[in-house]
Amino acid sequence: MTKITRAQFDDVMVPNYVPGKVIPVKGEGSRIWDQEGREYIDFAGGIAVSALGHAHPALVEALTTQGQKLWHLSNVMTNEPAIELAQKITDNTFADKVFFCNSGAEANEAALKLGRRHAFLNTGPDKHEIISTLQSFHGRTLFTVSVGGQAKYKEGFEPTPGGISHVPYNDLAAMKAQISDRTAAVILEPIQGEGGITPATQEYLEGVRKLCDEHDALLIFDEVQTGVGRTGHLYAYQAYGVEPDILTTAKALGGGFPIGAMICTDKVAGSLAFGTHGSTYGGNPLACAVSLAVLNIITADGVLDEVVVKSERIKAALVKINEKHGIFKDIRGMGLLIGAELNDDWAGKAKDFVGAALEEGLMMLVAGPNVVRFAPSLIIPDADIDEGLARFEKAIEKLLNS
Ligand SMILES: Cc1ncc(COP(=O)(O)O)c(C=O)c1O
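An account of the accompanying structure is given in this report. This is a predicted model, so every value here is computed, not measured.

**Quick look at the site of the ligand**
Then, number 1: Near the ligand, the surroundings consist of 13 residues, among which Gly104, Ala105, Asp222, Gln225 and Lys251 are the closest.
Then, number 2: Take Gln225: an N or O atom from its side chain is 2.8 Å from an oxygen atom of the ligand.
Then, number 3: Protein contact buries 81% of the 400 Å² of open area that the ligand shows by itself.
Then, number 4: For the shell around the ligand, the leading source of residues is helix α5 (residues 104-122), giving three residues.
Then, number 5: Of the residues that constitute the shell around the ligand, the class distribution is three nonpolar, six polar and four charged.

**A short note on the pattern of salt bridges**
Then, number 1: Within the structure shown, the criterion is met by 24 salt bridges.
Then, number 2: Residue Glu214 is joined to Lys210 by a salt bridge in which the shortest nitrogen-to-oxygen separation is 3.5 Å. Remark: Lys210 and Glu214 occur in helix α8 (residues 202-214); sequence separation between them is four residues, near one turn of the helix.
Then, number 3: The exposure class assigned to Lys210 is exposed, which follows from its relative accessible area of 53%.
Then, number 4: One continuous salt-bridge network, built from bridges that share partners, spans Arg31, Glu39, Asp384, Glu387 and Arg391.

**Digging into the sheet that holds strand β11 (residues 246-249)**
Then, number 1: An order of β4-β12-β11-β10-β7-β5-β6 is seen for the seven strands of this open sheet, with the pairing classed as mixed. Strands with a single pairing partner mark the edges of an open sheet, and in this sheet they are β4 (97-101) and β6 (164-167). If you compare each strand with its neighbour and ignore which way they point, the axes differ by 20 degrees on average.
Then, number 2: As paired strands, β11 and strand β12 (residues 260-264) are joined by four bridges and run antiparallel to one another. Bridge assignment links Thr249 to a residue of β12, and that residue is Ala261.

**Details of the packing of helix α13 (residues 350-359) against helix α14 (residues 382-401)**
Then, number 1: Between α13 and α14, the shortest axis-to-axis distance is 8 Å and the interhelical angle comes to 120 degrees. Judged on the interaxial angle alone, α14 and α13 are oblique. Here the hand of the crossing between α13 and α14 comes out right-handed. For the pair α13 and α14, contact is made by Asp352, Phe353, Ala356 and Ala357 and by Ala395, Ile396 and Leu399, respectively.
Then, number 2: Here the contact of α13 with α14 is built from residues that sort into six nonpolar, no polar and one charged.

**Considering the packing of aromatic side chains**
Then, number 1: Counting across every chain of the model gives six aromatic pairs.
Then, number 2: Relative to Tyr237, the ring of Phe94 lies with its centre 5.4 Å away and its plane at 90 degrees, an arrangement referred to as edge-to-face. Of the two residues, Phe94 is situated in the loop between α4 (80-92) and β4 and Tyr237 in helix α9 (residues 237-240); the sequence distance between them amounts to 143 residues. The same class applies to Phe94 as to Tyr237, namely buried.
Then, number 3: Plain terms: the ring middles of Tyr169 and Tyr204 are 5.7 Å apart, the flat faces sit at 65 degrees to each other, and that makes the pair edge-to-face.

**Notes on the sheet that holds strand β3 (residues 39-42)**
Then, number 1: In spatial order, the strands read β1-β2-β3-β15; together these four strands make up an open sheet with mixed pairing. Single-partner strands in this sheet number two, and they are β1 (24-28) and β15 (362-363).
Then, number 2: Each of β2 (31-34), β3 and β15 touches α14; the most contacted strand, β3, lies at about 105 degrees to it.

**Side note on the nonpolar core**
Then, number 1: Counting 86 residues, the largest nonpolar core has Leu188, Phe374 and Phe392 as the members making the most contacts within it.
Then, number 2: At nine residues, the largest contribution of residues to this core is made by helix α11 (residues 285-298).
Then, number 3: Filtering out sequence-adjacent residues up to four positions away, Phe374 remains in contact with Phe43, Ile314, Leu318, Leu336, Leu337, Ile338, Ala340, Met364, Leu389 and Phe392.
Then, number 4: The next biggest cluster of nonpolar side chains, apart from the first, holds 20 residues, and it includes Phe99, Val147, Ala185 and Val268.

**What about helix α12 (residues 303-325)?**
Then, number 1: If you check α12, its first and last C-alpha atoms are 33 Å apart, about what 23 residues at 1.5 Å a residue would give, namely 33 Å.
Then, number 2: Listed in full, the buried residues belonging to α12 are Val303, Leu304, Val307, Lys310, Ser311, Ile314, Lys315, Leu318, Ile321, Asn322 and His325.
Then, number 3: Where the residues of α12 are buried, they touch α11, β13 (328-334), β14 (337-342), β17 (371-374) and α14.
Then, number 4: Gly326 occupies a position one or two residues after α12 and carries a positive phi of about 55 degrees.

**Considering the state of the cysteines**
Then, number 1: If you walk through the whole model with that rule in mind, you get zero disulfides.
Then, number 2: With no disulfide of its own, Cys101 lies closest to Cys288 among cysteine sulfurs, the gap being 10 Å.
Then, number 3: You can call Cys101 buried: its relative accessible area is 1%.
Then, number 4: As a non-bridged cysteine, Cys212 has Cys264 as the owner of its nearest cysteine sulfur, 15 Å distant.
Then, number 5: According to the relative accessible area criterion, Cys212 is buried, its value standing at 0%.

**Comments concerning empty space enclosed by the protein**
Then, number 1: Counted according to the given criterion, the structure contains two cavities of 30 Å³ or more.
Then, number 2: Taken as a whole, the largest cavity holds about 60 Å³ of empty space.
Then, number 3: What lines the largest cavity is a set of 13 residues, among which Ser74, Asn79, Gly282, Gly283 and Asn284 lie closest to the centre.
Then, number 4: In terms of residue class, the lining of the largest cavity is built from four nonpolar, nine polar and no charged.
Then, number 5: Roughly 40 Å³ of volume is contained in the second largest cavity.
Then, number 6: In this structure, the second largest cavity is lined by Ser136, Phe137, His138, Gly139, Thr144, Val145, Gly148, Gly149, Gln150 and Tyr153.
Then, number 7: Considered class by class, the residues forming the lining of the second largest cavity number three nonpolar, seven polar and no charged.

Rules used in this analysis
Residues numbered from 1 in each chain as written. Predicted model: local features only at pLDDT ≥ 70, side-chain atom pairs only at ≥ 80, totals over all residues. Heavy atoms only, no water. Near = heavy atom within 4 Å. Polar contact = N/O pair within 3.5 Å; in protein donor to acceptor, adjacent residues only side chain to side chain. Areas by Shrake-Rupley, 256 points an atom, 1.4 Å probe, with all protein chains shown as cover. Helix = DSSP H or I, 4+ residues; strand = E, 2+ residues; numbered from the N terminus. Nonpolar A, V, L, I, M, F, W, Y, C, P; charged D, E, K, R; others polar. Salt bridge = Lys/Arg side-chain N within 4 Å of Asp/Glu carboxyl O. Buried < 20%, exposed > 50% of the residue type's maximum accessible area, 1.4 Å probe, protein only. Pairing = 2+ DSSP bridges. Axes fitted to C-alpha atoms, helices over the stretch in contact; angles between N-to-C directions. Parallel < 35°, antiparallel > 145°, perpendicular 65-115°, else oblique. Left-handed = near helix turned anticlockwise from the far one by under 90°. Contact = heavy atoms within 4.5 Å. Phe/Tyr/Trp six-rings, centres within 6.5 Å; stacked < 30°, edge-to-face > 60°. Core = buried A, V, L, I, M, F, W, Y, C linked by side-chain atoms within 4.5 Å. Expected span 1.5 Å × (residues − 1). Disulfide = S-S within 2.5 Å. 1 Å grid on protein atoms, 1.4 Å probe; cavity = no way out; pocket = protein on both sides within 12 Å on 5 of 7 lines; lining within 4 Å. Points joined across faces, edges and corners; volume = space filled by probe spheres on them.

This is the structure:
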């Protein structure tokens, strides 16, 4: 077979992505190798997806075992892995019911549609408004870019659906001014991910919950990025002790196999009655078997506690790096979703740091123009953390001296 090159991407792919120049071909744990055999440490986790690293033996086993039994049925039949997974999710969360789909955007579509339909059935068509927050990100479908709080993702795709408003994040007074009895649902990320790794304050989530209750509006938490152990809790809402009515989860749910879910209470689930919504692949047996293996590991004794310990290790090292080089104005986040915000001298240059890190054999992410984001495997070995941070510091030194 002829060797695939990066140039071929530009020949055959729609240009909505501009991937890096290396082509990874193999991963194991928190290490990745490219076509040339060069090794990288993975602090990106495929954008907070590979929660158990690459090629975890239990996930490979789940995939291959199910792969020899049954791949697909569609929802005209149910299947064992889907029901087992739904049971696991409901046993470990506030939720009573689960709808499976294939991505975060699709999970949010289901949540937003359910929010509107529930209000429609229980109050009437006027109660259809959705409140979201500025800087939020909820996916790339037309509904989710419309609900997302970043104008650039909507540009040129108008007209977008109506009845959606945006208020500043962590601003309870703004939410109070906007919410009304016409509000069907409020959607929030407990920690804004793409918007810059900005955690909600405790008072904010508690306050929004109260406002939703006062106005009979549903509260949707988008935990596509913060879910499945990322914060040191199975879901971030558990850290705050504030329960939503609907929660969306994807990314790490399949540990790299595509799956998403919208989960909710019994009180609202009934509004998505037979025929109102669906997805051909939702609840696919392969995806559900892998996802169950992911959740079995993440909910095992001690795993989430270790996420907190690893988080402290990374944050402490970043503080030290900053004492030496003075490049960050804030280091924040929860668990292994960490953002280091560049100070004003380096504003807008997060991409340069990620590029320099790649040169040193480290895969990282940005979260907006000013924040370098860390979303490694939840079980990344300490040795890989230390080696990755050493490579990061080397990249910083090179950038500062260039
Ligand atoms: C909070 C949040 N919601 C939704 C999405 C969209 O998920 P997907 O790309 O799987 O559609 C993302 C993706 O980054 C996200 O971070």
